[in-house]
Amino acid sequence: TSSFTPTATQWRTDSVDLSAYASNNEVLIRFKAQSGYGNNLYIDDVNIFSPTGISDDNVVDYFTIYPNPAGNMINIDYLIHQQGDVVVSIYDITGKKISMININDVSQGNHNLTLDISDWTSGLYHAVITTENGVSSHKFVKQ
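The text that follows walks through the structure, step by step, so that each part is easy to find. None of the values given here were measured: they were computed from a predicted structure.

Criteria and thresholds
Residues numbered from 1 in each chain as written. Predicted model: local features only at pLDDT ≥ 70, side-chain atom pairs only at ≥ 80, totals over all residues. Heavy atoms only, no water. Phe/Tyr/Trp six-rings, centres within 6.5 Å; stacked < 30°, edge-to-face > 60°. Helix = DSSP H or I, 4+ residues; strand = E, 2+ residues; numbered from the N terminus. Buried < 20%, exposed > 50% of the residue type's maximum accessible area, 1.4 Å probe, protein only. 1 Å grid on protein atoms, 1.4 Å probe; cavity = no way out; pocket = protein on both sides within 12 Å on 5 of 7 lines; lining within 4 Å. Points joined across faces, edges and corners; volume = space filled by probe spheres on them. Nonpolar A, V, L, I, M, F, W, Y, C, P; charged D, E, K, R; others polar. Core = buried A, V, L, I, M, F, W, Y, C linked by side-chain atoms within 4.5 Å. Contact = heavy atoms within 4.5 Å.

Description of the packing of aromatic side chains
For any pair of aromatic rings, the description rests on two quantities: the centre-to-centre distance and the angle between the ring planes.
So, point 1. For the structure shown, the criterion picks out three aromatic pairs.
So, point 2. A centroid spacing of 5.6 Å and a plane angle of 20° characterise the contact between Tyr 125 and Phe 140, whose relative ring orientation is stacked. On the criterion of sequence distance, the pair formed by Tyr 125 in strand β6 (residues 123-131) and Phe 140 in strand β7 (residues 134-142) is long-range, its members being 15 residues apart.
So, point 3. We classify Tyr 125 as buried; its relative accessible area is 5%.
So, point 4. Judged by its relative accessible area of 1%, Phe 140 is buried.
So, point 5. A connected cluster of aromatic rings, assembled from ring pairs, spans Trp 120, Tyr 125 and Phe 140.

If you want it as structure tokens, here you go:
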């Protein structure tokens, strides 16, 4: 008849091995709760790390989104190591792809992309830059 709210002693720690996905260029992680009684889901301190040496250190030297939080426009600044194709994908909080921009034959160096997001709903978004060498990502908020 009422919602369950965990106490400090009722939290649990869990781990999931994602090493099977290490060779994938894009992996989305989603939390899905099913409850026959409509109770709440509490998630805190989610950490995703790569102790096996999976790294995007050599993909994009510098990647930032501003302003953050954003209004009607966002700027995506990035620095890439070597010439090649770049894909910029934007996902909403549910993992749905909102936008995808393919940029062919990008030269090594600094680049800027400006996006009009005025018709997007307010919320948290995830921007992903994919190059031939790997993937880098950033979160931003649309007000």
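Here's the deal with empty space enclosed by the protein
So, point 1. A complete count under the given rule lists one cavity of 30 Å³ or more for this structure.
So, point 2. Volume-wise, the largest cavity comes out at about 70 Å³.
So, point 3. In terms of lining residues, the largest cavity is bounded by ten residues, among which Gln 82, Gln 83, Thr 131, Glu 132 and Asn 133 are the most central.
So, point 4. Its residues assigned to classes, the lining of the largest cavity comprises two nonpolar, six polar and two charged.

Some points on the nonpolar core
So, point 1. By size, the foremost hydrophobic cluster in this structure holds 20 residues, and its most contacted members are Ile 74, Ile 76, Val 88, Ile 90, Leu 115 and Phe 140.
So, point 2. Put simply, the parts of the chain that give this core at least two residues each are β1 (60-66), β2 (73-80), β3 (84-92), β4 (97-106), β5 (109-116) and β6.
So, point 3. If one sorts the elements of this core by residue count, β2 sits on top with four residues.
So, point 4. Excluding residues that lie within four positions of it along the chain, Ile 76 makes contacts with Phe 63, Thr 64, Ile 65, Val 88, Ile 90, His 111, Asn 112, Leu 113, Leu 115 and Ile 129.

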